[in-house]
Amino acid sequence: MARPGNKIIQAKLVLLGDMGTGKTSLVLRFIKGQFYDHQEPTIGAAFFTQILSLTEATVKFDIWDTAGQERYHSLAPMYYRGAAAAVVVYDISSTDTFNRAKKWVQELHRQGNQNLVMALVGNKSDLNSHREVEAEEAEQFAQESGMFYMETSAKTAQNINELFYEIAKRLARISPPRSSGITLNHETPDKRRRFCCIG
Amino acid sequence: MYGTQSKRDLALELQAQVPFLRPSIHARRANITVKFQDLYGFTVEGNVDDVNVLNEVREKVREQGRVWWALEASKGANWYLQPQISSISEGIALKSSLKLSNFANAITLKKLIRKGIPPVLRPKVWFSLSGAAKKKSTVPESYYDDLIKAVEDKVTPATKQIDHDLPRTFPGHPWLDTPEGHAALRRVLVGYSFRDSDVGYCQGLNYVAALLLLVMKTEEDAFWMLAVLLENVLVSDCYTNNLSGCHVEQRVFKDLLVKQCPRIASHLEALEFDVSLVATEWFLCLFSKSLPSETTLRVWDVLFYEGAKVLFHVALAIFKMKEEELLLTHHVGDVINILQKTTHHLFDPDELLTVAFDKVGSMTTNAISKHRKKQEPAVMAELDQRLRRLNSLRVDDK
Ligand SMILES: Nc1nc2c(ncn2[C@@H]2O[C@H](COP(=O)(O)OP(=O)(O)O)[C@@H](O)[C@H]2O)c(=O)[nH]1
Ligand SMILES: [Mg+2]
């Protein structure tokens, strides 16, 4: 929980990636500590909040877990607009999902926020025996694209907390000056801003 | 056919046999959350007040039933077929040769439908008033059976996605989540994916078709309701490749919110909250994932008679009902929580529909069409730009 005097960062985080790569499972593992074998399909996107406390800051995540079929991807800009962090997920046992992840990364590069913290995540690391994407290749692509790389398993919980801690740390490092997607809350929200909207 | 009888019995049985839940004083004090089955077999969680509301709703449904029966007795069984007012497909309000008595019937009918169609009459009334009956009558008797037989063993991306979604559609429902329910839903969705290959299968339709199956007498009628919905009632291209119709509706909705709820609109804009973040699901699932079942179906009662503008009325009403609370929010998460909590607890359909039609300013289908025309070019340009960007990326890859 928030410590007094500690800086509070409100950050919008979006998960992108092919259907079935495990985005929803990742989020649920992070938030509820659980893994479900049958996930209800998400329409549009699902919203979650989670708070992480670091020594240097408390990060309040607004998480958008985007969803669905290819045709739903046309809705994605609404979810990554104004985001402070983006997690692009692929499935290490499927080259197709890795290629799609690359396209998401390129799309994100064009959306304009220079400070966007980006993570490339190879999920389903428990399926190592079916691996189609080598870690080195992904690592290299991540480096070239200015993002960090991690392999996770929502099933075994491997690296899930680490992933979100790493994002939180990076957000804390770059937090001020105020950039889009991040709001610093040292004091109560600006009253003027509220009143200008009434009437 | 296809065992649909048992499903239908389920809805009727629930209506007839579920005893009024009488929460004890102790439960009331403790404000306990209880789980119970609603009119259509969905498990809902609510507090004691919610249970009371649902009991009142059951009583009102019975009353409405008596009103409808009385009208049938005085005007004849199919009296509501005479006023040719709906004509969603033709887009005209009234046929010119209409007699005065028919005009009176049309007014009565509109009011009556906004107060709700009794669940037992829903299959019949929806089927005729939506235009589904007419649609069905233009093809051979055996159309549906032939279609289902012809596509039974075909495998396409759409059928794969459908198979993936079947067990995840309203899991735990006493009929939908059984092998029989899955099979019926599969036939309707797969059948439709072949009828219109531009739509194929779009996630969201699984929920819509599932509810249609629960309401309609037969699986075949559910199929025709889905067809009339997608082909005549809703704006076109809501569910096709890049959901362009859905994008248009969202832009129109934002325009309407600014006009009808200016305080909320500017407050949410200041919070950088895009209302489509929540409204997209409302429009694609026609509220079936957000509102309790009877409330959703009451929205659909009006939707099938008055057309797609009803969705705007209802969406605006949800915001309007919570205006004061929403104006106090400082944070996106709070807005979402308020809206979710509100929709999930709208057990009294009249509470919502009264706001939707009395407090939200009236909008003609014509005016909405103009709004849509205005937004279309921008949506097309935006989608086109994104597509071209993606294609250029594809070239970069090589
Ligand atoms: N073996 C394995 N399966 C996973 C993992 N994460 C998700 N899954 C499964 O992959 C499927 C798709 O997961 P889901 O979270 O719905 O993916 P989404 O479409 O990206 O949200 C589900 O059946 C999950 O149970 C993982 O780390 N390991
Ligand atoms: Mg998902």
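Residues numbered from 1 in each chain as written. Chains lettered and ligands numbered in written order. Predicted model: local features only at pLDDT ≥ 70, side-chain atom pairs only at ≥ 80, totals over all residues. Heavy atoms only, no water.

### Thoughts on the overall build of chain A
Link 1 in the chain: Counting secondary structure elements, chain A contains 6 helices and 7 strands.
Link 2 in the chain: Shown N-terminal to C-terminal, the secondary structure of chain A runs as helices and strands in the order β-α-β-β-α-β-α-β-α-β-α-β-α.
Link 3 in the chain: With 199 residues in all, chain A has 58% of them scored as buried.
Link 4 in the chain: Pairs at least 24 residues apart make up 74% of the contacts formed inside chain A by residues separated by at least 6 positions. (Helix = DSSP H or I, 4+ residues; strand = E, 2+ residues; numbered from the N terminus. Buried < 20%, exposed > 50% of the residue type's maximum accessible area, 1.4 Å probe, protein only. Contact = heavy atoms within 4.5 Å.)

### Regarding the site of ligand 1
Residues and elements named next belong to chain A.
Link 1 in the chain: Taken together, 19 residues lie near ligand 1, and Gly20, Lys23, Thr24, Ser25 and Asp126 sit nearest.
Link 2 in the chain: The separation between an oxygen atom of ligand 1 and a polar main-chain atom of Gly20 is 2.8 Å.
Link 3 in the chain: The protein chains hide 84% of the 570 Å² of surface that ligand 1 would expose on its own.
Link 4 in the chain: Looking at which element gives the most residues to the shell around ligand 1, the answer is helix 1 (residues 23-32), with 3 residues.
Link 5 in the chain: For the shell around ligand 1, the per-class residue count stands at 5 nonpolar, 8 polar and 6 charged. (Near = heavy atom within 4 Å. Polar contact = N/O pair within 3.5 Å; in protein donor to acceptor, adjacent residues only side chain to side chain. Areas by Shrake-Rupley, 256 points an atom, 1.4 Å probe, with all protein chains shown as cover. Nonpolar A, V, L, I, M, F, W, Y, C, P; charged D, E, K, R; others polar.)

### Re the packing of helix 8 (residues 157-165) of chain B against helix 9 (residues 179-195) of chain B
All names here are of chain B.
Link 1 in the chain: Two elements in contact, helix 8 and helix 9, have axes whose closest approach is 10 Å; the angle formed by their N-to-C orientations is 160°. Here helix 8 lies roughly antiparallel to helix 9, going by the angle between them. With respect to the hand of their crossing, helix 8 and helix 9 are arranged in right-handed fashion. Residue-level inspection shows Ala158, Thr159, Ile162 and Asp163 of helix 8 in contact with helix 9, the latter providing Arg186, Leu189, Val190, Ser193 and Phe194.
Link 2 in the chain: Split by residue class, the contact of helix 8 with helix 9 holds 5 nonpolar, 2 polar and 2 charged. (Axes fitted to C-alpha atoms, helices over the stretch in contact; angles between N-to-C directions. Parallel < 35°, antiparallel > 145°, perpendicular 65-115°, else oblique. Left-handed = near helix turned anticlockwise from the far one by under 90°.)

### Here we look at the packing of aromatic side chains
Link 1 in the chain: For the structure shown, the criterion picks out 25 aromatic pairs over all chains.
Link 2 in the chain: Centroid distance Phe30(A) to Phe164(A): 3.8 Å. Interplanar angle 5°. Geometry classified as stacked. You can see Phe30(A) sitting in helix 1 and its partner Phe164(A) sitting in helix 5 (residues 160-174), a full 134 residues away along the chain.
Link 3 in the chain: Judged by relative accessible area, which is 0%, Phe164(A) ranks as buried.
Link 4 in the chain: Each ring, one from Trp300(B) and one from Phe304(B), has its centre 6.4 Å from the other, and the planes form 80°; the classification is edge-to-face. With Trp300(B) and Phe304(B) both in helix 15 (residues 293-306) and 4 residues apart, this pair spans about one turn of that helix. (Phe/Tyr/Trp six-rings, centres within 6.5 Å; stacked < 30°, edge-to-face > 60°.)

### As for the pairing of strand 2 (residues 45-53) of chain A
All names here are of chain A.
Link 1 in the chain: Where strand 2 meets strand 3 (residues 57-66), 9 bridges bridge the pair, whose relative direction is antiparallel. Bridging across to strand 3, Phe48 finds its partner in Ile63.
Link 2 in the chain: Hairpin geometry of strand 2 and strand 3 is characterised by an intervening segment of 3 residues between the two adjacent antiparallel strands. (Pairing = 2+ DSSP bridges.)

### Things to note about empty space enclosed by the protein
Where empty space is left becomes clear once a probe the size of a water molecule has been rolled over the atoms.
Residue and element names in this part refer to chain A.
Link 1 in the chain: Under the defined criterion, the tally for this structure stands at 4 cavities of 30 Å³ or more.
Link 2 in the chain: Its boundaries defined by the atoms lining it, the largest cavity holds a volume of some 80 Å³.
Link 3 in the chain: Taken together, 14 residues make up the lining of the largest cavity; nearest its centre are Gly44, Thr66, Ala67, Tyr72 and His73. (1 Å grid on protein atoms, 1.4 Å probe; cavity = no way out; pocket = protein on both sides within 12 Å on 5 of 7 lines; lining within 4 Å. Points joined across faces, edges and corners; volume = space filled by probe spheres on them.)

### Digging into helix 15 of chain B
One turn of the α-helix equals 3.6 residues, which is why residues spaced by three or four share an orientation.
Residue and element names in this part refer to chain B.
Link 1 in the chain: Along its 14 residues, helix 15 runs 20 Å from first to last C-alpha, staying within 8% of the 20 Å computed at 1.5 Å per residue.
Link 2 in the chain: Extensive coverage of helix 15 is indicated by the burial of 14 of its 14 residues.
Link 3 in the chain: A positive backbone phi angle near 100° is found at Gly307, which sits one or two residues after helix 15. (Expected span 1.5 Å × (residues − 1).)

### Considerations on the interface of chain A and chain B
Link 1 in the chain: Taken residue by residue, the interface counts 34 residues in chain A and 47 residues in chain B.
Link 2 in the chain: Together, the buried faces of chain A and chain B total about 3600 Å²; carbon and sulfur atoms form 57% of this surface.
Link 3 in the chain: Run the count over chain A and chain B and you get 2 salt bridges.
Link 4 in the chain: In this structure, Arg81(A) and Asp274(B) form a salt bridge, with 3.8 Å as the shortest nitrogen-oxygen distance.
Link 5 in the chain: Between the two partners, chain A and chain B, sit 12 residue pairs in polar contact (both at pLDDT 80 or more).
Link 6 in the chain: Secondary-structure elements contributing two or more residues to the side of chain A that touches chain B are strand 3, helix 2 (76-80), helix 3 (95-109) and helix 6 (191-195) of chain A.
Link 7 in the chain: Top element by residues in the side of chain A that touches chain B is helix 2 of chain A. It accounts for 5 residues. (Buried area = accessible area lost by both parts, 1.4 Å probe. Salt bridge = Lys/Arg side-chain N within 4 Å of Asp/Glu carboxyl O.)

### Some points on the environment of Asp384(B)
Link 1 in the chain: Considering the arrangement of structural elements, one finds Asp384(B) in helix 20 (residues 365-397).
Link 2 in the chain: Once the C-alpha coordinates of Asp384(B) and Asn242(B) are considered, the two residues, 142 residues apart in sequence, prove to be 9.9 Å apart.

### Some thoughts on the confidence of the model for chain B
Residues and elements named next belong to chain B.
Link 1 in the chain: When pLDDT is averaged along chain B, the result is 87; 86% of the residues meet or exceed 70.
Link 2 in the chain: Across residues 1-20, where pLDDT falls below 50, the model places 39 contacts with residues more than four positions away in sequence or in other chains.
Link 3 in the chain: Low confidence marks residues 85-98, where pLDDT is under 50. Its contacts with residues over four positions away, or in another chain, come to 24 contacts.
Link 4 in the chain: Complex prediction metrics read pTM 0.87 and ipTM 0.82. (pLDDT = per-residue confidence, 0-100.)

### A few points about the domain arrangement of chain B
Residues and elements named next belong to chain B.
Link 1 in the chain: Its domain assignment divides chain B into domain 1 (131-232) and domain 2 (244-382).
Link 2 in the chain: Centre-to-centre, using C-alpha coordinates, domain 1 lies 27 Å away from domain 2.
Link 3 in the chain: On the domain 2 side, the residues contacting the 9 residues of domain 1 number 10 residues.
Link 4 in the chain: Ranking the residues of domain 1 by area buried against domain 2 places Tyr207, Leu211 and Leu229 at the top, with a combined share of 47%.
Link 5 in the chain: For the pair domain 1 and domain 2, the interface holds 0 salt bridges.
Link 6 in the chain: Counting the contacts that link domain 1 with domain 2 gives 0 residue pairs in polar contact (both at pLDDT 80 or more).
Link 7 in the chain: Taken together, the residues that form the side of domain 1 that touches domain 2 break down as 8 nonpolar, 1 polar and no charged. (Domains from an automatic or database assignment.)

### Some thoughts on the pattern of salt bridges
Link 1 in the chain: Per the stated rule, a full pass over the model turns up 30 salt bridges over all chains.
Link 2 in the chain: Close ionic contact of Arg170(A) with Glu166(A) constitutes a salt bridge, the shortest N to O distance being 2.8 Å. Taken together, the positions of Arg170(A) and Glu166(A), both in helix 5 and 4 residues apart, correspond to about one turn of that helix.
Link 3 in the chain: On the accessibility criterion, Arg170(A) (30% relative accessible area) is partly exposed.
Link 4 in the chain: Between Glu231(B) and Arg195(B) there is a salt bridge; the shortest N-O distance is 2.8 Å. Residue Glu231(B) is located in helix 11 (residues 219-233), and its partner Arg195(B) is located in helix 9; the two are separated by 36 residues in the primary sequence.
Link 5 in the chain: Its relative accessible area of 29% is what places Glu231(B) among the partly exposed residues.

### Quick word on the environment of Val44(B)
Residue and element names in this part refer to chain B.
Link 1 in the chain: Tracing the chain through its elements places Val44 in strand 2 (residues 43-46).
Link 2 in the chain: Since its relative accessible area comes to 13%, Val44 is described here as buried.
Link 3 in the chain: Considering only alpha carbons, one finds Val44 and Pro292, 248 residues apart in sequence, at a separation of 8.0 Å.
Link 4 in the chain: Not counting residues up to four positions away in its chain, the partners in contact with Val44 are Val34, Lys35, Phe36, Asp38, Leu54 and Phe347.

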